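# Geometric and topological summary
Spelled out from the first residue to the last, the chains are:
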Amino acid sequence: MVGMKKLCFCLIPILLLCSCSRAAQITEVNGFYFDTYVNITLYEDNVSVKTELPKLLSSLELIYSPTLPESELYRLNHALIRKPESEELRKTLEEAMYYEVLSGGALNASIGSVSALWDFHTDSPAVPDSASVNAALKQIKKGADYLSDRELSLDLGCIAKGAISFRVRDYLLDQGVSSAIIDLGGNVVVIGGKPDGRPFTVGIQDPLAKDKVLRTVQVKDCCVVTSGTYERCFEADGKLYHHILDPQTGYPAESGLSSVTILCADPVMADALSTACMVLGKEEGLALIETIDDCEALFIDGDMNMYPSSGFPPQ
Ligand code: ADP
Ligand code: MG
């Protein structure tokens, strides 16, 4: 389309920065799942995980894929099933409902009708016409019951990677893994610390410069999840359109933020709140984070000013 420049697509920046001095034994599982690059590194030799983990990832894709007709989410969205079949999806839908309430509606997984109009995945994404956006906006429901309401078009993009990394972490912990990094396209969850006991170093990307790290955090047993305007976006007539949508308007959130990084122990919370805070903006977002125990955030605005929450670790 004329005047339109695609800036970036599904590739989310590599968040890890010199995360570990090479341990003697490493097990790596890589692949493209959930429309993103997945990289899971264990600091031990583990043949069983190497074989079983890809199977777990594929089974999770069969739950969460929005596009595979055989996936549970797809079948739910197309009313081919009346309610979730797996405990996994049921739990995630409940969590999405919980974070909708907690965020005062900034997060709303019934946004599917609107997000479908914004196709950030294609080579020539376009701004949808306002009549379509307004019509789709009417399909978003506030406080809906995702478990039973089959009129909804559910989009779990804001929370699925969190739920998946939660499941992967559980599996690895069950296998007795004590040092690992789970990286789902920038959704980073670490188990333990480095084999030598020191924390992992995770880099937070400069929202303006791909592959440039703005600052780092040292973490053990923690999630570092960033949502940013730079992840899936395009430019049209000098304006940046990104994939985090304001459920009130149906258009990309204009909160003045470039990215929000959440640090906490729960991958679902980190994923949900990073997206929600992008919509809420700095003041409301920071106020929300301050009400939650053991959850910290770093807000970066359009001029690259950084606003950490009160307990965010110093550089
Ligand atoms: P990413 O998946 O790129 O890491 P996020 O976790 O921030 O990014 O989730 C963004 C995705 O969530 C969008 O691609 C879209 O599918 C969905 N989404 C966008 N805005 C909202 C919103 N306000 N509430 C719920 N889901 C949203
Ligand atoms: Mg998210």
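Whatever comes next refers back to the structure up there.
Calculation criteria
- Throughout, residues of each chain are indexed from 1 in the direction in which the sequence is written.
- Written order determines the labels here, with chains lettered from A and ligands numbered from 1.
- Given that this is a predicted model, residues contribute local features only at a pLDDT of at least 70 and side-chain atom pairs are listed and counted only at 80 or more, while totals for whole chains, interfaces and linings are drawn from all residues.
- Side-chain measures here rest on the full set of heavy atoms in the structure, leaving out hydrogens and waters.
- Water is not among the atoms examined, so metal sites may look incomplete; donors are the N, O and S atoms within 2.8 Å of the metal, or within 3.2 Å for Na, K and Ca.
- Helix and strand definitions here come from DSSP, where helices need a minimum of 4 consecutive H or I residues and strands a minimum of 2 consecutive E residues; each element is numbered from the N-terminal end.
- Exposed residues in this analysis have more than 50% of their type's maximum accessible area, buried residues have under 20%, and partly exposed residues fall in between, with area computed by a 1.4 Å probe over protein chains only.
- Think of a salt bridge as a Lys or Arg side-chain nitrogen and an Asp or Glu carboxyl oxygen that are within 4 Å of each other.
- What counts as a ring pair is set by centres within 6.5 Å for rings of Phe, Tyr and Trp (its six-membered ring), and what kind of pair is set by the plane angle: stacked under 30 degrees, edge-to-face over 60, tilted for all other angles.
- The rule for a charge over a ring is simple: NZ of Lys or CZ of Arg within 6 Å of the ring centre, and within 35 degrees of the ring normal.
- Think of it this way: DSSP has to see at least two bridges between two strands before they count as a pair.
- Here, nonpolar core means buried Ala, Val, Leu, Ile, Met, Phe, Trp, Tyr and Cys residues that are tied together by side-chain atoms lying within 4.5 Å of each other.
- When we say a residue is near a molecule or strand, we mean one of its heavy atoms is within 4 Å of it.
- The term polar contact refers here to a pair of N or O atoms within 3.5 Å; inside protein, the definition further demands a hydrogen-donor-capable atom paired with an acceptor-capable atom, and it admits residues adjacent in sequence only when both atoms are side-chain atoms.
- Methods summary: accessible areas were calculated by the Shrake-Rupley approach with a probe of 1.4 Å, and residue burial reflects only the protein chains presented.

### Details of the coordination of the magnesium ion (ligand 2)
The protein atoms that coordinate the magnesium ion (ligand 2) are Cys158 (O), Asp271 (O), Asp271 (OD) and Thr275 (OG1), at distances of 2.1 to 2.5 Å. For the magnesium ion (ligand 2), all donor residues lie on one chain, and their spacing in sequence is C-x112-D-x3-T. Of this pair, Asp271 and Thr275 both sit in helix H7 (residues 267–280), separated by four residues, roughly a single helical turn. For the pair Asp271 and Thr275, one class covers both residues: buried.

### Concerning the pattern of salt bridges
Counted according to the given criterion, the structure contains eleven salt bridges. A salt bridge links Asp35 to Arg232; the shortest N-O distance between them is 3.2 Å. Within this pair, whereas Asp35 is found in the loop between strand S2 (27–33) and strand S3 (36–42), its partner Arg232 is found in the loop between strand S8 (222–228) and strand S9 (233–236), the two being separated by 197 residues in sequence. In this structure, Lys212 engages Asp206 in a salt bridge whose closest nitrogen and oxygen atoms are separated by 3.5 Å.

### Description of the packing of aromatic side chains
Evaluated as defined, the whole model comprises seven aromatic pairs. Consider the rings of Tyr98 and Tyr99, whose centres lie 4.9 Å apart with planes at 85 degrees: the pair is edge-to-face. Through pairs of rings, three or more aromatic residues link up here, namely Trp118, Phe234, Tyr241 and Tyr251. The cationic tip of Lys239 hangs over the ring face of Tyr241; the distance from NZ or CZ to the ring centre is 5.7 Å. Lying over the aromatic face of Tyr307, Lys282 brings its terminal NZ or CZ to 4.2 Å of the ring centre.

### A few points about the pairing of S9
The pairing of S9 with strand S10 (residues 239–242) spans four bridges and is classified as antiparallel. Bridge pairing in S10 links Ala236 to Lys239. Counting the residues in the hairpin turn of S9 and S10 gives two residues, including Asp237, whose phi is positive at 50 degrees.

### Observations concerning the pairing of S8
Counted residue by residue, S8 has seven buried out of seven residues, so it is predominantly covered. Burial of the side chains of S8 extends over both faces: Cys222, Val224, Thr226 and Gly228 are buried on one face and Cys223, Val225 and Ser227 on the other. In this structure, strand S5 (residues 187–191) lies alongside S8, joined through four bridges in antiparallel fashion. By the bridge assignment for S8, Asn187 is matched with Val225. Here S8 pairs with strand S11 (residues 257–264) via six bridges, running antiparallel.

### Some remarks on the nonpolar core
Judged by nonpolar contacts, the single largest core of 68 residues is most densely connected at Ile40, Leu156, Val168, Leu172 and Ile262. For this core, the element with the most residues is H7, which contributes ten residues. Val188, Phe200, Ile204 and Val217 belong to the second-largest nonpolar core, a separate cluster that totals 16 residues.

### Re the environment of Asp123
Within the secondary structure layout, Asp123 lies in the loop between helix H4 (112–115) and helix H5 (130–137). Taking the C-alpha atoms as reference, Asp123 lies 31 Å from Thr92; in sequence the two are 31 residues apart.

### A short note on the site of ligand 1
If you check the shell around ligand 1, you find 19 residues, and the closest are Asp155, Ser227, Glu231, Leu245 and Thr275. A distance of 3.2 Å separates an oxygen atom of ligand 1 from a polar side-chain atom of Lys161. Interatomic distance of 2.8 Å between a side-chain N/O atom of Thr275 and an oxygen atom of ligand 1. Alone, ligand 1 offers 570 Å² of accessible surface; in the complex the protein occludes 93% of this. Here the shell around ligand 1 takes three residues from H7, the largest share from any one element.

Any link to function would need more than the numbers given here.
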